[in-house]
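Observations on chain architecture
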Amino acid sequence: MSEMQDRVQLSPSWKSRIGGEFDQDYMQKLREFLLQEKRAGKTIYPEGKNIFQAMNLLPFEDVKVVIIGQDPYHGPGQSHGLCFSVMPGVAIPPSLHNIFKEIETDLGIAPASHGYLRSWAEQGVLLLNSVLTVERNRSGSHQGKGWERFTDAIIHRLNSEHSGLVFFLWGSYAQKKGSIIDSSRHLVLESVHPSPLSAHRGFFGNQHFSMANAYLRDQKKSPISWELPALSKEEQLMVK
């Protein structure tokens, strides 16, 4: 393992598969870009320790569902490395609010009182943004810097080494990843993005959550409980 790989805070099951990406020129350029941004006094989200949180919470072997987002939330205290998720105590963003509405319509589960999706990750849902960092208050500011190639490598590994995964591709940005996925080996569910700008054009009523669980059962895998549990005492202490 190279010195670069050794410094990255990434769980062994993932590092053994995609660790080599950190030695590629594009990732070294991305690292230098992030360092320059920080030297310039810019605030980058999420915190460094949470950049790879989606993978560090979920071993490669345990992935069952993949939800692909665009880039992290760019407001203070929101992003913690899981797409669509926010930290305890942070207001539920509009897209996640619409996700909860669709879950209620599809499965009869009342909307959660918080937007902390860690329990989904712990059950096998990889909540992966296509771009893993963003500058404060500047949505899309780190697109085209190399993260897309890195997350393509993740999707490629999942596609080739797993069978029977469910991929949620919501919106055109996430659907670009679809070209990597073999739909004969996996279930690929596509719709418009849950953003308020588009949700009424096909996200509401897509029934992706029930379809995913039915497919997982067919694959002899346990379904996902999409109902978020109440925050634990430890999680409540995170509320600022």
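As a reminder, the structure under discussion sits directly above these lines.
Anyway, here's the lowdown on the structure attached to this text. (Residues numbered from 1 in each chain as written. Predicted model: local features only at pLDDT ≥ 70, side-chain atom pairs only at ≥ 80, totals over all residues. Heavy atoms only, no water.)

Turning our attention to the overall build of the protein. When its secondary structure is counted, the protein shows ten helices and six strands. The globule rule puts the C-alpha radius of gyration for 240 residues at 18 Å, and the 17 Å found for the protein is close to it. Projected onto the principal axes, the alpha-carbon positions of the protein cover approximately 50 × 40 × 35 Å. Counting all 240 residues of the protein, 52% fall into the buried class. (Helix = DSSP H or I, 4+ residues; strand = E, 2+ residues; numbered from the N terminus. Rg over C-alpha atoms; globule rule 2.2 N^0.38 Å. Buried < 20%, exposed > 50% of the residue type's maximum accessible area, 1.4 Å probe, protein only.)

Another aspect to go through is the packing of aromatic side chains. Applying the stated criterion to the full structure yields 15 aromatic pairs. Ring geometry for Trp170 and Phe203: centres 5.1 Å apart, planes at 85 degrees, overall edge-to-face. Note that Trp170 is positioned in strand 5 (residues 166–170) and Phe203 in the loop between strand 6 (187–191) and helix 9 (208–218), a separation of 33 residues in sequence. Overall, Phe203 belongs to the buried group, its relative accessible area being 0%. (Phe/Tyr/Trp six-rings, centres within 6.5 Å; stacked < 30°, edge-to-face > 60°.)

Let's shift gears to helix 5 (residues 94–107). The end-to-end C-alpha distance of helix 5, which contains 14 residues, comes to 20 Å, matching closely the 20 Å that a straight helix rising 1.5 Å per residue would cover. Along helix 5, the residues that are buried comprise Ser95, Leu96, Asn98, Ile99, Phe100, Glu102, Ile103 and Asp106. Packed against the buried residues of helix 5 are helix 6 (118–123), strand 5 and helix 9. A positive phi of about 75 degrees marks Gly108, the residue just after helix 5. (Expected span 1.5 Å × (residues − 1). Contact = heavy atoms within 4.5 Å.)

Attention now moves to the nonpolar core. Grouped together as the largest cluster of nonpolar side chains are 66 residues, with contacts concentrated most on Ile67, Trp120, Leu126, Phe150, Leu158 and Trp226. Excluding anything up to four places from it in sequence, Trp226 contacts Val65, Ile67, Ile103, Leu107, Ile109, Trp120, Val125, Phe168, Phe209 and Asn213. (Core = buried A, V, L, I, M, F, W, Y, C linked by side-chain atoms within 4.5 Å.)

With that out of the way, let us pick up the pairing of strand 5. With five of its five residues buried, strand 5 lies for the most part within the structure. Of the two faces of strand 5, the one carrying Val166, Phe168 and Trp170 and the one carrying Phe167 and Leu169 are both buried. Across four bridges, the pairing between strand 2 (residues 65–69) and strand 5 is parallel. Directly across from Ile67, in strand 5, lies its bridge partner Phe168. (Pairing = 2+ DSSP bridges.)

This part takes up unusual backbone geometry. With omega at -10 degrees, the peptide bond leading from Tyr45 into Pro46 counts as cis. Structurally, the position occupied by Pro46 is in the loop between strand 1 (44–45) and helix 4 (53–56). Unlike most non-glycine residues, Phe84 shows phi in positive territory, near 70 degrees. You will see that Lys220, though not glycine, has its phi angle at about 65 degrees, which is positive.

Turning our attention to the packing of helix 3 (residues 25–39) against helix 7 (residues 147–161). In the contact formed by helix 3 and helix 7, the axes pass within 9 Å of each other and the chain directions differ by 130 degrees. Classified by the angle between their axes, helix 3 and helix 7 sit oblique to one another. Every pair of crossing elements has a handedness; the one defined by helix 3 and helix 7 is left-handed. Two secondary-structure elements touch here, helix 3 through Tyr26, Met27, Leu30 and Leu34 and helix 7 through Trp147, Arg149 and Phe150. (Axes fitted to C-alpha atoms, helices over the stretch in contact; angles between N-to-C directions. Parallel < 35°, antiparallel > 145°, perpendicular 65-115°, else oblique. Left-handed = near helix turned anticlockwise from the far one by under 90°.)

With that settled, consider the side chain of Asn206. Tracing the sequence through the fold places Asn206 in the loop between strand 6 and helix 9. Within the structure, Asn206 has its side chain in polar contact with the side chain of Ser191 (distance 3.3 Å). A polar contact is formed between the side chain of Asn206 and the backbone oxygen of Phe203, at a distance of 3.1 Å. Those residues in contact with Asn206 that sit more than four places away from it in its chain are Glu102, Trp170, Ser191 and Met211. (Polar contact = N/O pair within 3.5 Å; in protein donor to acceptor, adjacent residues only side chain to side chain.)

All right, on to the pattern of salt bridges then. Tallying each qualifying case throughout the model produces eight salt bridges. With a shortest N-O distance of 2.9 Å, Glu161 and Arg17 are connected by a salt bridge. Highlighted residues: Glu161 in helix 7 and Arg17 in helix 2 (residues 12–18), separated in sequence by 144 residues. Its relative accessible area of 37% is what places Glu161 among the partly exposed residues. Each of Arg17, Glu61, Arg157 and Glu161 takes part in one network of salt bridges that share partners. (Salt bridge = Lys/Arg side-chain N within 4 Å of Asp/Glu carboxyl O.)

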